[in-house]
Amino acid sequence: MESSSCIYKDPNSPIEARVKDLLSRMTLKEKVAQMTQIERSVATPHYLQDLGIGSVMNVGGSAPFSNAKSSDWADMVDWFQKLALQSRLGIPIVYGIDAVHGNNGVYGTTIFPHNVGLGATRDADLVRRIGVATALEVRACGIQYTFAPCVAVCRDPRWGRCYESYSEDTNIVREMASIVTGLQGQPPEGHPNGYPFLAGRNNVIACAKHFVGDGGTHKGLNEGDTILSYEDLERIHMAPYLDCISQGVGTIMVSYSSWNGLQLHAHHFLLTEVLKDKLGFKGFVISDWEALDRLSKPLGSNYRRCVSTAVNAGIDMVMVGQKHGEFVEDLIFLAESGEIPMTRIDDAVERILRVKFVAGLFEYPFADRSLLDIVGCKLHRELAREAVHKSLVLLKNGKDPKKPLLPLDRSAKKILVAGTHADDLGYQCGGWTIAWNGMSGRITIGTTILDAIKEAIGEETEVIYEKIPSPDTLASQDFSFAIVAVGEDPYAEFTGDNSELAIPFNGADIISSVADKIPTLVILISGRPLVIEPWLLEKIDGLIAAWLPGTEGEGITDVIFGDYDFSGRLPVTWFRKVEQLPMNFRDNSDEPLFPLGFGLTCKAGNSFD
C-alpha cells in the first residue's frame, strides 16, 4: 500500500491534482486493470487485490443468490471493495448495475414504469424524483454506478428495446434526461460543462446510453445499422446527450449498433472527435457487454485487433465479458508495442480516476447500511404509483362519446377480471426485472392489477377472476363490466425484436370473447404500440395503454375508478399496420391509428395536441 501522505489520498486536494498524482504512480499493468470491468462471478482476489481491477458489474439476472436482498448485495460489494483496497495503490472499484427502472435486478426494490411509460407522462420533475429514489435504493446495495439512463430516440417499435426509449420525439427524450440530475444530484451554478458531477453519498454515477443512434436502425433491428446523414444523426439521436453532458453525467456507454455501416465501438470520429473533443465530455466512455467481440467475424476472433480498434477509437473502460484475462494481456501487449499510444492509455485512466474521485469512492468506498430501510419503502412505492397513473394513456372511452365507460363504478354489483396480464407481476414489470429477460409470476414484491382492483372496489362488489374466461362464465348476464388485461411477455434487447407486433397469447381472441358479452375495458401491457385490428377496436368499450408499469398496480386502479383523471399522452405514434413502419410524427403521411401526443381524459373527453 502507498503512504497515506500521497496527494491522491488527500480529499482536500483538487481532483485533477489527485488524478495526476495517482496516474504518475501507476504501472502499465495497473493502468490496464483500471480500464477493465469484469462480471461479479469472476471477481476473485487475484483480479481485485493482486491486479487492482477497475470495475465490477453484473449482467442482468446475475446475483449473489436467488432472491438476494439489498443487504446481501451490500455484503457482496463490500467484500469486493475490501479486496480492491488491499491492492498496491488501494484504488477502489466502481460497481455497476443495470438499474434502468428502479434497482430492478434486486428483490424487494421499487420497480418504476419503463421509460416509454415515463415519456407518456411528459413530467420531467417526476422523472427526476424517480432518479433520486432509484439512487437511494442502488446505494443501499453498496453500488455506486448505474447503466442508465437510456436516451435512445426510438424510431421503430419493431426494435426490442423500444420500451427503454422515452419517445420517438427527440424533444421529449431531452426533457426526460432530467433523470440524470435525479441520479447524480444538481450541479452547482457555474459547474464546467462536460465535467462529471456527483452530489454525495446518496447519489450514483449515471451512464447515458447507447451512443449513438441505437433507436434509429434499419427496420428496428437490434444492433443494426442506422443509415442517415451526420446532420440527422446529430439532430435526432445525439441531441439528448448534450442535456446529459450539461448535467455532469459521469459516463457514456457506446451502442452495439453501426452508423452507415461502421460499428460505433470502432468509430473514432464519433467517440473521440465528436463526443470528447466537440461536445467536451470529460467522464469516461464505456463499452457494452462483450461488444469488442462483435468487431470481428466470426464473433470474438482476432480479439487483439478488436481491442486495438476499440481503445484507439476512444473506449476508456471495457465491459469484457468472458475474456477478462485475454483482454488484460492483449491491452498490455498493444501498449508496449506502441499500437495503442500511452497517451491514449493515460487519457482513459485519467477519465476513470476522475469519475472515481468525483464520486468520493476513496473517502466512502463502502455501503451505507442506514439506507437499507428505504428500499421498497412506502414513499418510493407511492412515487411509483404516481408515475403509473400519470403514464396511462386513454385511447378509447365508450362506443358512443356521449356514453363513456370510464370512470368505472367501484360499487358495481359484479365484475369480471380476465386476461393473461391481470395477475402477473412479472409481465407487469417487463424485461430487465430480476432477470435480464424478465420473468412471469410473483418475481418480487408488488401489487398486480387484480390485487389493486380487489383493494379498490366496494365491500359489496363481487370480483370474478378467470385468466381465460369459460363459456359458462361469459354466458352470465349479471356482470356490470369486465376488465381485460393482455399484452406482451417480457423481453430484452434482441429477444424483443418483432416484425409482427401482434398481441401475444391470443390476446385479441380473449378480448373479443369477453367484449362480445360484457362491456369491456382493455388494459394493454406492452413496451410499444401493438396491432389493434379495426374489428377489435370497435368491439371494446374502453382501451388503455398502460405500457410496462412496474410493481405498483394501484396506479392503474387510481385512474380507472376515478380518483385521478387520465393525463398521459402517447410518446410514440400508434400505427395501424406494420406495413406502415417506420412511422414517425414528422416524416410520414400515412394515417396513424393514434398520433403522437394523443390521449383522452374522462372529464373533457378530448385528445391532447
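The structure displayed is predicted, hence computed values, not measured ones.

## With respect to the pattern of salt bridges
And step 1. If you walk through the whole model with that rule in mind, you get 37 salt bridges.
And step 2. For the salt bridge of Asp232 with Arg235, the shortest nitrogen-to-oxygen distance reads 3.0 Å. Of this pair, Asp232 and Arg235 both sit in helix α9 (residues 230-246), separated by three residues, roughly a single helical turn.
And step 3. What makes Asp232 partly exposed here is its relative accessible area of 27%.
And step 4. Between Asp293 and Lys323 there is a salt bridge, with the nearest N and O atoms lying 3.8 Å from each other. Here the residue Asp293 occupies a position in the loop between β10 (284-286) and α11 (303-313), and Lys323 occupies one in the loop between β11 (318-319) and α12 (324-337), the gap between them amounting to 30 residues. Like Lys323, Asp293 is buried.

## Some points on the layout of surface pockets
And step 1. A volume near 450 Å³ is recorded for the largest pocket.
And step 2. Along its surface, the largest pocket is lined by 23 residues, and Arg155, Ile236, His237, Asn584 and Asp587 are the ones closest to its centre.
And step 3. Counting residues per element, the lining of the largest pocket draws most heavily on α9, at three residues.
And step 4. Looking at side-chain class alone, the lining of the largest pocket contains five nonpolar, nine polar and nine charged residues.
And step 5. Here the second largest pocket is characterised by a volume of approximately 260 Å³.
And step 6. Taken together, 19 residues make up the lining of the second largest pocket; nearest its centre are Tyr256, Trp289, Trp432, Trp436 and Glu493.
And step 7. In the lining of the second largest pocket, the residues fall into ten nonpolar, two polar and seven charged.

## A word on the pairing of strand β13 (residues 414-418)
And step 1. Where burial is concerned, most of β13 is hidden: five out of the five residues are buried.
And step 2. Burial along β13 is two-sided: the face carrying Lys414, Leu416 and Ala418 and the face carrying Ile415 and Val417 are both buried.
And step 3. Where β13 meets strand β14 (residues 462-466), five bridges bridge the pair, whose relative direction is parallel. The partner of Lys414 across the bridge, within β14, is Glu462.
And step 4. Where β13 meets strand β15 (residues 481-487), four bridges bridge the pair, whose relative direction is parallel. Note that in β15 the partner of Ala418 across the bridge is Val484.

## Considerations on the packing of α11 against α12
And step 1. At a closest axis distance of 9 Å, the pairing of α11 and α12 adopts a crossing angle of 65 degrees. By the criterion of interaxial angle, the relationship of α11 to α12 is roughly perpendicular. Helix-helix and strand crossings are classified by hand; for α11 and α12 the assignment is right-handed. Of α12, the residues touching α11 (which contributes Tyr303, Arg304, Val307, Ser308 and Val311) are Glu326, Phe327, Asp330, Leu331, Phe333 and Leu334.
And step 2. Its residues assigned to classes, the contact of α11 with α12 comprises seven nonpolar, one polar and three charged.

## Side note on the sheet that holds strand β9 (residues 262-263)
In a beta sheet, neighbouring strands pair by backbone hydrogen bonds and run either parallel or antiparallel.
And step 1. Taking strand neighbours across the sheet as the criterion, the three strands line up as β6-β8-β9 in an open arrangement whose pairing is mixed. Either end of the sheet is taken by a strand with one partner, and the two such strands are β6 (225-226) and β9.
And step 2. As paired elements, β6 and strand β8 (residues 258-259) share two bridges and run parallel to each other. Residue Thr226 lies in a different strand from β8, and its bridge partner there is Trp259.

## Details of empty space enclosed by the protein
And step 1. Evaluation of the coordinates by the stated rule reveals six cavities of 30 Å³ or more.
And step 2. Lining the largest cavity are 17 residues, and of these Ala99, Val100, His101, Asn115 and Ile179 lie nearest its centre.
And step 3. Those elements that place two or more of their residues in the lining of the largest cavity are α5 (115-121), α6 (124-139) and α8 (179-184).
And step 4. In the lining of the largest cavity, the residues fall into eleven nonpolar, five polar and one charged.

## A short note on the environment of Leu51
And step 1. In this fold, Leu51 is placed in helix α3 (residues 45-51).
And step 2. Put simply, Leu51 and Gln322 are 271 residues apart on the chain and 17 Å apart in space, counted from C-alpha to C-alpha.

## A few points about the UniProt feature "domain: Glycoside hydrolase family 3 N-terminal" (unreviewed entry) in the protein chain
And step 1. Mapped onto this numbering, the UniProt entry gives "domain: Glycoside hydrolase family 3 N-terminal" (unreviewed entry) at residues 27-355.
And step 2. Helix makes up 40% of residues 27-355 and strand 10%, whereas the separation of the span's terminal C-alpha atoms amounts to 20 Å.

## A look at the environment of Ser308
And step 1. Relative to the elements of secondary structure, Ser308 occurs in helix α11.
And step 2. Residues within four places of Ser308 in sequence aside, it is in contact with Leu334, Glu339 and Ile340.

## Concerning helix α16 (residues 449-456)
And step 1. Regarding α16, the residues found buried are Ile449, Leu450, Ala452, Ile453 and Ala456. Buried residues of α16, viewed axially, fall in a sector of 160 degrees; they line one side.
And step 2. Looking at the packing, one finds that the buried side of α16 touches β13, α15 (425-429), β14, β15, β16 (520-525) and α20 (554-560).

## What about the side chain of Gln428?
And step 1. Inspection of the secondary structure puts Gln428 in helix α15.
And step 2. Within polar-contact distance, the side chain of Gln428 engages the backbone oxygen of Thr447 at 3.0 Å.
And step 3. Beyond its immediate stretch of four places on either side in the chain, Gln428 contacts Thr447, Thr448, Ile449, Ile525, Leu548, Pro549, Gly550, Thr551, Glu552 and Gly553.

## Comments concerning the packing of aromatic side chains
And step 1. For the coordinates displayed, the defined rule picks out 15 aromatic pairs.
And step 2. Relative to Phe505, the ring of Tyr427 lies with its centre 5.5 Å away and its plane at 20 degrees, an arrangement referred to as stacked. A residue pair is termed long-range when its members are at least 10 positions apart, and Tyr427 in helix α15 and Phe505 in the loop between β15 and α18 (507-515) qualify at 78 residues.
And step 3. Through successive ring pairs, a cluster of aromatic residues spans Trp547, Trp574, Phe594 and Phe598.
And step 4. Its guanidinium or amino end placed over the ring of Tyr256, Arg294 lies 4.1 Å from that ring's centre, counting from NZ or CZ.
And step 5. The residue whose ring lies beneath Lys414 is Phe479, and the NZ or CZ to ring-centre distance is 4.9 Å.

Definitions and cut-offs
Residues numbered from 1 in each chain as written. Predicted model: local features only at pLDDT ≥ 70, side-chain atom pairs only at ≥ 80, totals over all residues. Heavy atoms only, no water. Salt bridge = Lys/Arg side-chain N within 4 Å of Asp/Glu carboxyl O. Helix = DSSP H or I, 4+ residues; strand = E, 2+ residues; numbered from the N terminus. Buried < 20%, exposed > 50% of the residue type's maximum accessible area, 1.4 Å probe, protein only. 1 Å grid on protein atoms, 1.4 Å probe; cavity = no way out; pocket = protein on both sides within 12 Å on 5 of 7 lines; lining within 4 Å. Points joined across faces, edges and corners; volume = space filled by probe spheres on them. Nonpolar A, V, L, I, M, F, W, Y, C, P; charged D, E, K, R; others polar. Pairing = 2+ DSSP bridges. Axes fitted to C-alpha atoms, helices over the stretch in contact; angles between N-to-C directions. Parallel < 35°, antiparallel > 145°, perpendicular 65-115°, else oblique. Left-handed = near helix turned anticlockwise from the far one by under 90°. Contact = heavy atoms within 4.5 Å. UniProt positions renumbered as here; feature names shortened; annotations may be inferred. Arc of directions from axis to C-beta. Polar contact = N/O pair within 3.5 Å; in protein donor to acceptor, adjacent residues only side chain to side chain. Phe/Tyr/Trp six-rings, centres within 6.5 Å; stacked < 30°, edge-to-face > 60°. Lys NZ or Arg CZ within 6 Å of the ring centre and 35° of its normal.

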